[in-house]
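This is what each chain is made of:
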Amino acid sequence: MKNILLLQKWAKPILVMLIGVIPIIMLSGCSPASQSNTINADSPGIFNHFFIYPFSLLIKFFANTFHGDYGLSIVLMTFIIRLAIMPLMMNQTKKQMDMKEKMAVLQPELNALKEKYKNDASADAKKQQQVETMELYQKHQFNPLNMGCLPMLIQWPITLAFYYAIRRTPEIAAHDFLWFSLGKTDMILPLIAAVVYYVQFRVSQSISAEYQQNQNNQMAFIGLLSPIMMGVFSFGMPAALPLYWAVGGIFIIVQTIIINKMYTKPNVASKNLPTGVEDL
């Protein structure tokens, strides 16, 4: 039971680090030579054949539809992918709101339990408090490990495949979009992508429950690290990639605001959650 409570405390910072930072490291650390190979129907590997190659075909299809505008094709494809993932995110948000409702009911009993043992620092008292805490969770059918992070993991192969499709479709590099060349680095787009990712983090945190101070510090660090890494790595990448990241980030910001307005109940959202519990 102690392990469950510790996992509950540290799960979200760890998962946010995995989901938000590690993909950036993976993308930036890939060898340019290995990822610059043209993707085609004969490219070996299941991921190449069933994920990257179809995305490359769609990018070229929409570009031809828009008279060779590959930048507009990337923007449209980004929106299509995000719209396809949106039902998963809506389901995740609904679970988060259900958790908030249960915690609003559970809060008085947790506070009473904390008050009961606040003056007893013995090992037996801590153990008993953990047992009674788990009994309260069972009584209210509340699962602190039901974090709803599966949609974030599911979208990984989709977003990675689209990333590689952009890098390995050589036609993209020969075209311009707005003020920049899609195949060359740009000095402005990385800054835009970094700002968008930071705003995305702030919007996400503004609708979250209250955190413990140490978790606040951890999340604030990750919230700064991710956009900084995104911006730094984007300076060395073709402009098509920070364009994709910036457009995707803007979509997620709007999506987050809309979905939370759909599912947030005023009588629940206005209540404070007990210390150590957040909407995951």
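The structure contained in this document is the topic of the report that follows. Small disclaimer: the values here were computed from a predicted structure and weren't measured. (Residues numbered from 1 in each chain as written. Predicted model: local features only at pLDDT ≥ 70, side-chain atom pairs only at ≥ 80, totals over all residues. Heavy atoms only, no water.)

Another aspect to go through is the packing of helix α5 (residues 70–116) against helix α6 (residues 123–139). Remark: α5 packs on α6, axes separated minimally by 11 Å, with the N-to-C direction vectors making an angle of 170 degrees. Considering their axes alone, α5 and α6 lie roughly antiparallel with respect to each other. Between α5 and α6, the residues in contact are Leu106, Glu109, Leu110, Leu113, Lys114 and Lys116 and Gln129, Glu132, Thr133, Leu136, Tyr137 and Lys139, respectively. Of the residues in the contact of α5 with α6, the class split is five nonpolar, two polar and five charged. (Axes fitted to C-alpha atoms, helices over the stretch in contact; angles between N-to-C directions. Helix = DSSP H or I, 4+ residues; strand = E, 2+ residues; numbered from the N terminus. Parallel < 35°, antiparallel > 145°, perpendicular 65-115°, else oblique. Contact = heavy atoms within 4.5 Å. Nonpolar A, V, L, I, M, F, W, Y, C, P; charged D, E, K, R; others polar.)

If you check the backbone angles, His67 has positive phi at about 60 degrees while not being a glycine. Structurally, the position occupied by His67 is in the loop between α4 (46–65) and α5. Among the residues examined, His67 registers a relative accessible area of 79% and is labelled exposed. The backbone of Leu178 shows a phi angle near 55 degrees, a positive value even though the residue is not glycine. Assignment of secondary structure puts Leu178 in the loop between β1 (176–177) and β2 (180–181). Judged by relative accessible area, which is 65%, Leu178 ranks as exposed. (Buried < 20%, exposed > 50% of the residue type's maximum accessible area, 1.4 Å probe, protein only.)

It is worth stressing that arrangement in space is one thing and function is another; only the former is reported here.
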